[in-house]
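A closer look at the structure
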Amino acid sequence: MPLSPLRVLFVASECVPFIKTGGLGDVVGALPLALSALGHDVRVVIPRYRAVKHIAAEKLPAPFAVPMGPDGRYAAVYRSFVEDTVPVYLIEHDVFFDRDGLYGDDRGDFSDNLLRFAFLSRAALALGDYLDWPIDLLHLHDWQAALTSVFASTLTSAPPTVLSIHNLGYQGRFAAAAAVDLGIEPGAMGASGVLQGKFINVLRGGLVSADALTTVSPSYAKEVKTEAGGAGLHDALSTRSVTGILNGIDEARWDPKTDVNLVQNYDANDLRGKAACKLALQRESGLPERADVPLLGLVSRFAEQKGIDLFIETMDELADEDVQFVVLGSGESSAEEQLAQRAAERDAVACTVGFNEPLSHRIEAGCDLFIMPSRYEPCGLNQLYSQRYGTLPIVRAVGGLRDTVTDGVDGFRFDELSSEALTAAIRRAVTLFHTGPEAFHSMVQTAMSKPMGWDVAAREYETLYRQILRQKA
Ligand code: ADP
Ligand code: GLC
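All figures in this text were calculated on a predicted structure; none of them were measured in a lab. (Residues numbered from 1 in each chain as written. Chains lettered and ligands numbered in written order. Predicted model: local features only at pLDDT ≥ 70, side-chain atom pairs only at ≥ 80, totals over all residues. Heavy atoms only, no water.)

Time to look at the overall build of the chain. When helices and strands are counted, the chain shows 17 helices and 21 strands. Taken against the 2.2 N^0.38 rule, which gives 23 Å for 473 residues, the C-alpha radius of gyration of the chain at 23 Å falls within 12% of a compact globule. Over its C-alpha atoms, taken along the principal directions, the chain stretches across nearly 65 × 50 × 40 Å. Within the chain, the fraction of its 473 residues that count as buried is 56%. (Helix = DSSP H or I, 4+ residues; strand = E, 2+ residues; numbered from the N terminus. Rg over C-alpha atoms; globule rule 2.2 N^0.38 Å. Buried < 20%, exposed > 50% of the residue type's maximum accessible area, 1.4 Å probe, protein only.)

Turning our eyes to something else, we now look at the packing of helix H10 (residues 308–317) against helix H15 (residues 419–435). Contact pair H10 / H15: the axes reach a minimum separation of 9 Å and the direction vectors enclose 55°. In this view, H10 runs oblique relative to H15, as classed from their interaxial angle. Between H10 and H15 lies a crossing whose hand is right-handed. Contact residues: Leu310, Phe311, Glu313, Thr314 and Glu317 in H10; Ser419, Glu420, Leu422, Thr423, Ile426 and Arg427 in H15. (Axes fitted to C-alpha atoms, helices over the stretch in contact; angles between N-to-C directions. Parallel < 35°, antiparallel > 145°, perpendicular 65-115°, else oblique. Left-handed = near helix turned anticlockwise from the far one by under 90°. Contact = heavy atoms within 4.5 Å.)

Next up on the list: the site of ligand 1. Around ligand 1, a shell composed of 21 residues is seen, among which Gly23, Asp26, Arg301, Lys306 and Gly354 lie nearest. At 2.6 Å from an oxygen atom of ligand 1 is found a main-chain nitrogen or oxygen belonging to Gly23. Asn382 is positioned with one of its side-chain polar atoms (N or O) 3.1 Å from an oxygen atom of ligand 1. A total of 560 Å² of accessible area belongs to ligand 1 in isolation, and the protein chains cover 93% of it. (Near = heavy atom within 4 Å. Polar contact = N/O pair within 3.5 Å; in protein donor to acceptor, adjacent residues only side chain to side chain. Areas by Shrake-Rupley, 256 points an atom, 1.4 Å probe, with all protein chains shown as cover.)

This brings us to the confidence of the model for the chain. With 100% of its residues at a pLDDT of 70 or more, the chain shows a mean pLDDT of 96. Within the chain, the element-level pLDDT minimum falls on helix H5 (residues 186–191), averaging 80, and the maximum on strand S1 (residues 7–11), averaging 99. (pLDDT = per-residue confidence, 0-100.)

Applying the stated criterion to the full structure yields 30 salt bridges. A salt bridge links Glu58 to Arg79, with the nearest nitrogen and oxygen atoms 2.6 Å apart. One end of the pair, Glu58, is in strand S3 (residues 58–59); the other, Arg79, is in strand S5 (residues 73–82), with 21 residues separating them in the sequence. Accessibility expressed as a relative area gives 41% for Glu58, which makes it partly exposed. For Arg290, the salt bridge goes to Asp322, with nearest N and O atoms at 2.7 Å. In this pair, Arg290 sits in the loop between helix H9 (272–285) and strand S16 (295–302) while Asp322 sits in the loop between H10 and strand S17 (324–331), placing the two residues 32 residues apart along the sequence. Here Arg290 falls in the partly exposed class, since its relative accessible area comes to 27%. The class for Asp322 is partly exposed, based on a relative accessible area of 44%. Salt bridges sharing partners connect three or more residues here, namely Arg48, Lys53, Glu92 and Asp94. (Salt bridge = Lys/Arg side-chain N within 4 Å of Asp/Glu carboxyl O.)

According to the stated counting rule, one finds 14 aromatic pairs in the structure shown. For the pair Tyr49 and Phe97, a centre-to-centre distance of 5.9 Å together with 85° between the ring planes defines the contact as edge-to-face. Residue Tyr49 is located in the loop between strand S2 (41–47) and S3, and its partner Phe97 is located in helix H2 (residues 94–97); the two are separated by 48 residues in the primary sequence. As far as the burial class goes, Tyr49 and Phe97 line up, both buried. (Phe/Tyr/Trp six-rings, centres within 6.5 Å; stacked < 30°, edge-to-face > 60°.)

Another aspect to go through is the sheet that holds S16. With parallel pairing, 6 strands are arranged side by side in an open sheet as S18-S17-S16-S19-S20-S21. Two strands close off the open sheet at either side, each with one partner strand: strand S18 (349–353) and strand S21 (412–414). Each neighbouring strand pair of the sheet contributes to a mean axis angle of 15°, computed without reference to strand direction. Against the sheet, helix H16 (residues 437–449) contacts strand S19 (369–372), strand S20 (392–396) and S21, and its axis sits at roughly 80° relative to S20. (Pairing = 2+ DSSP bridges.)

By nearness alone, 14 residues border ligand 2, and His166, Asn247, Glu377, Cys379 and Gly380 come closest of all. Contact between ligand 2 and His166: an oxygen atom at 2.7 Å from a side-chain N or O atom of the residue. At a separation of 2.8 Å, an oxygen atom of ligand 2 approaches a polar backbone atom of Gly380. Here ligand 2 loses 93% of its free accessible area of 310 Å² to cover by the protein chains. Examining the composition of the shell around ligand 2, we find that 3 residues originate from one element, helix H1 (residues 23–37), more than from any other.

Turning to a negative patch on the surface, a few remarks are in order. Taken together, the side chains of Glu313, Glu317, Asp415, Glu416 and Glu420 present a region of like negative charge at the surface. Summarising the element assignment, Glu420 is placed in helix H15. You can call Glu420 exposed: its relative accessible area is 51%. (Patch = residues over 30% accessible without salt bridge, like charges linked within 9 Å, V, L, I, M, F, W, Y side chains within 5 Å. Lys, Arg positive; Asp, Glu negative; His and termini not counted. Charge placed at Lys NZ, Arg CZ, Asp CG, Glu CD.)

Quick look at the domain arrangement of the chain now. Domains assigned within the chain are domain 1 (7–248 + 455–472) and domain 2 (272–448). Computed from C-alpha coordinates alone, the two centres of domain 1 and domain 2 are separated by 32 Å. The interface is formed by 18 residues belonging to domain 1 together with 17 residues belonging to domain 2. Summed over both sides, the interface between domain 1 and domain 2 buries roughly 1300 Å², with carbon and sulfur atoms accounting for 55% of that surface. Counting the surface domain 1 buries against domain 2, the share from its top three residues, Lys20, Ser219 and Leu246, is 27%. Between Lys20 and Glu357 there is a salt bridge, and its shortest N-O distance comes to 3.4 Å. (Domains from an automatic or database assignment. Buried area = accessible area lost by both parts, 1.4 Å probe.)

Pairing is antiparallel across the open sheet formed by 3 strands, whose spatial order is S11-S13-S12. What marks the edges here is a single partner per strand, and that holds for strand S11 (173–175) and strand S12 (195–196). Lying on the sheet, helix H6 (residues 202–209) is in contact with S11, S12 and strand S13 (199–201); it crosses S13 at an angle near 55°.

Listed below in structure tokens is the structure:
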């Protein structure tokens, strides 16, 4: 007998093409499409932030009662779609979401983030009844959705939950005094795992109370269970099974053959368009237009995780060599300042501080090499985009970078967390660029031909969903 399609609700704080600050948004926008291609009814719920209000969406007529606080709260639900296929519900509650920024502003994280994402979680649990859509399973993403399983564990009936860890470095930690805001009995609070010493730790609550845990690469699934990789949560993780399912990429959105952001399209068989993209990127960035100089790119959040400090040291170590750097990103202000300063001082360095999606595509296309010296990396998507665009990634062998880049085959890898190791890896790649153009070209073609769509991961998630439903039945 064929298995029946599943009704799955994704709960998340980001979803492409509505809102994205990093790879989480890419995943939440793309994986549901692959699951619906397998026949499942997958939908997404995210907040209706100020930044998404301009996007066309239909307001559902009935007000939405969200059971939070003594009197509950009302929200409005808007519906839109990813690619006309996957329904996305945008929960409007202006007190929480109508402000600039998703998680914080110049002064830091918003002080009411616990309440804001508790609200998202309560809304997710109430949405099935509101829509008259019986949900089989809730798929939660990162700490912002993790309270959904904490709340579900206190209800008499709620769908099973899968929690995907995209990044253990962000946990949602708040003073324990804020616990009253969650509206959970103290006993249930302890059992849910949400308390960690003097803190509420939202992600910990999710790790303890979700029915199944996944993370976004097999290597990271192992790393999170170690003291070094567990970010203080390896105790909660050591007794649980964590399934590592490698992210894919949206091969339609990231395709050098059709990408509308590029001056010229190209594919693995004809790389002339890539050469044009390189010159156009140099021009756009104010760098000397030269085909013969290796152009090295970096697109990143400027955060400790991403090894941005090592990257800056390496730029200095290579200051006298004939290489160009083009950098796009934002984050820690000291990194922004140091990079802007180097761009001002050196002809061979360009830096754009900010978030610029079209430019990120042009950097993937126009560079020869792409740099990711991460301290840890749950999966990483930029190395995959780079490979697809024929830009060989130079990565630290950690987490998903280890699982997706093979040294000398489709990129370059180094192990040690140091600028010297990164510099040495760049030197190796640059030497090959100059002295072994055929070998370099053959690596580019290998990288570009790798299948990296979401279909493989979607089947693994499907298997996991069915397993949980069988166990719960
Ligand atoms: P993370 O989610 O940890 O930031 P990933 O490599 O998984 O890392 O995904 C980052 C995503 O965010 C990629 O799609 C990348 O292109 C994008 N990105 C990061 N910084 C910027 C930026 N400044 N402008 C445009 N896109 C960016
Ligand atoms: C996180 C991780 C990144 C991963 C992304 C999508 O933000 O830092 O490695 O690729 O989520 O899963």
